[in-house]
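Structural characterization, general
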Amino acid sequence: MRKILQPFIAAILMIGVVITPTITYADSSGTTEVVNEKFGPPIVVYGGNLTESQKNSVKESLKVTENSDVKEIEVTGKDLAKYLTDGDASARMFSSAKITRKDAGKGLVINIVTPDNITEVTAEMYANAMLTAGIHDALVEIAAPKPVTGHSALVGIYKAYEVTGGKLDPERTDVANDELSVATNLAKESGIDEAKVSELLTEIKKQIAETNPTSREDVEKIVTEQLSKLKIELSDKDRQLLIDLMDRIRKLDIDFSKWSDQLNDLSKTIEDKIGKIVDSEGFWQSVKNFFNNLIDSIRSIFK
């Protein structure tokens with residue numbers, strides 16, 4: 001009997017390992033981050049359409065208290081119209097963010113602190129769009145009090161970045177917003193994994209930075225090569241959207257020599273994430289195989 005029960009015991013233990021949640025606790029030590037006087041305190045930008053209770057929820061998510069040394073501002077539809085060519089000044093804004101500028105060379109760190117409420121945009125998509133817009137060397141934390149796509153957070157980040165003394169080119173911010181739209185569209189409409197979308201955009205931009213294409217035809221060749229390399233199939237419509245976007249990026253006033261290093265860092269982050277996804281898929285396949293073998297063993301006992 002004990003031998004018969006052993007597979008069941010192993011299965012129960014395995015289930016416990018799989019479903020037991022990891023719990024982390026907020027730091028209550030009261031430690032205060034040192035403010036970089038070059039850039040001033042972190043900027044917290046709230047969506048202009050948040051209710052008071054929603055704003056308090058965002059504050060809690062971003063760990064903003066009465067004692068926090070931060071500067072608080074709001075982002076509205078008027079800001080959307082400022083940074084985007086076809087931005088709707090009457091748009092409702094809920095996504096919020098906290099941006100902490102860092103010294104040159106620190107890179108971009110994106111943390112979505114309410115992942116269940118940012119439904120379309122991933123950290124890597126934000127990072128890609130920010131690099132296109134000209135934002136670098138910053139810690140950016142993003143939050144929303146209810147499920148939203150997450151697109152408006154990018155406009156809030158633009159505003160916060162300029163409040164800290166950064167200067168952004170309106171043409172670049174407009175292209176960056178289009179990039180975010182294309183990225184989420186490919187993930188949602190074309191069914192491509194979000195990490196794979198970010199990998200595709202990053203690799204195409206890396207090739208643009210390294211080869212400095214001089215024509216739309218050159219860009220089209222790069223897009224075609226990367227789609228083939230990553231084994232991604234797009235409809236003719238989506239393929240043209242991607243080529244149009246990358247041709248706009250080619251024409252931007254960007255120091256591609258510096259951009260290449262930043263994209264390489266982002267590429268490494270995305271590769272690590274995809275590797276973890278693959279490892280995770282392999283783990284769940286092993287779980288499936290385990291239970292299939294367990295069922296076969298049980299059947300053999302009663303034959």
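As a reminder, the structure under discussion sits directly above these lines.
Only a predicted model underlies this, so the values are computations on that prediction, with no experimental measurement involved.

What counts and what doesn't
Residues numbered from 1 in each chain as written. Predicted model: local features only at pLDDT ≥ 70, side-chain atom pairs only at ≥ 80, totals over all residues. Heavy atoms only, no water. Helix = DSSP H or I, 4+ residues; strand = E, 2+ residues; numbered from the N terminus. Buried < 20%, exposed > 50% of the residue type's maximum accessible area, 1.4 Å probe, protein only. Contact = heavy atoms within 4.5 Å. Areas by Shrake-Rupley, 256 points an atom, 1.4 Å probe, with all protein chains shown as cover. Expected span 1.5 Å × (residues − 1). Core = buried A, V, L, I, M, F, W, Y, C linked by side-chain atoms within 4.5 Å. Pairing = 2+ DSSP bridges. Axes fitted to C-alpha atoms, helices over the stretch in contact; angles between N-to-C directions. Salt bridge = Lys/Arg side-chain N within 4 Å of Asp/Glu carboxyl O. Phe/Tyr/Trp six-rings, centres within 6.5 Å; stacked < 30°, edge-to-face > 60°. Lys NZ or Arg CZ within 6 Å of the ring centre and 35° of its normal.

The next thing to look at is the overall build of the protein chain. Helices and strands together make up the secondary structure of the protein chain, namely ten helices and five strands. Taking all 303 residues of the protein chain together, the buried fraction comes to 43%. Once local pairs closer than 6 in sequence are excluded, the contacts in the protein chain between residues at least 24 apart make up 80%. Of the roughly 16900 Å² of accessible surface on the protein chain, 51% is carried by carbon and sulfur atoms.

With that settled, the discussion passes to helix H5 (residues 152-163). One full turn of an α-helix is made of 3.6 residues, so residues set three or four places apart face in the same direction. In this model, H5 (twelve residues) spans 17 Å end to end at C-alpha, consistent with the 16 Å of a helix rising 1.5 Å per residue. Among the twelve residues that make up H5, nine are buried, leaving the element largely enclosed by the rest of the structure. Regarding H5, the residues found buried are Ser152, Ala153, Leu154, Val155, Gly156, Ile157, Tyr158, Ala160 and Tyr161. Once H5 ends, the next one or two residues include Gly165, with phi positive near 105°.

Judged by nonpolar contacts, the single largest core of 76 residues is most densely connected at Tyr126, Ile142, Leu242 and Met246. Sort the elements by how many residues they give to this core and helix H4 (residues 123-133) lands first, with eight residues. Residues within four places of Ile142 in sequence aside, it is in contact with Leu62, Ser96, Ala97, Ile110, Asn111, Ile112, Val113, Thr114, Ile118, Tyr126, Ala153 and Ile157.

With that settled, consider the sheet that holds strand S4 (residues 108-112). The strand order across the open sheet formed by five strands is S2-S1-S3-S5-S4, and the pairing between neighbours is mixed. Edge positions in the open sheet fall to strand S2 (71-75) and S4, since each of these has one partner strand only. Here the average twist between neighbouring strands, direction ignored, is 20°. Strand direction decides the pairing type here: S4 and strand S5 (residues 138-143), joined by five bridges, are parallel. Its bridge partner lying in S5, Leu108 is registered against Ala138.

With that out of the way, let us pick up the pattern of salt bridges. This model, assessed by the stated rule, comprises 14 salt bridges. With a closest N to O distance of 3.1 Å, Arg248 and Asp174 form a salt bridge. Of this pair, Arg248 sits in helix H9 (residues 236-250) while Asp174 sits in helix H6 (residues 170-188); the two residues are 74 residues apart in sequence, bridging distant segments of the chain. Residue classification places Arg248 among the partly exposed positions, given a relative accessible area of 29%. A salt bridge links Glu220 to Arg239; the shortest N-O distance between them is 3.7 Å. Of this pair, Glu220 sits in helix H8 (residues 216-229) while Arg239 is found in helix H9, placing the two residues 19 residues apart along the sequence. A single network of salt bridges, built from pairs that share partners, joins Asp174, Asp178 and Arg248.

So, about the packing of aromatic side chains. With the rule as written, the count across this model stands at one aromatic pair. Ring centres of Tyr83 and Tyr158 lie 5.4 Å apart, and the angle between their planes is 55°; on these two criteria the pair is classed as tilted. Here Tyr83 is found in helix H3 (residues 77-83), whereas its partner Tyr158 is found in helix H5, with 75 residues between them in sequence. Residues Tyr83 and Tyr158 agree in their burial class; the two are buried. Over the face of the ring belonging to Tyr161 we find Arg101, whose NZ or CZ atom lies 4.4 Å from the ring centre. The ring of Phe94 carries Lys146 above its face, with NZ or CZ at 4.2 Å from the centroid.

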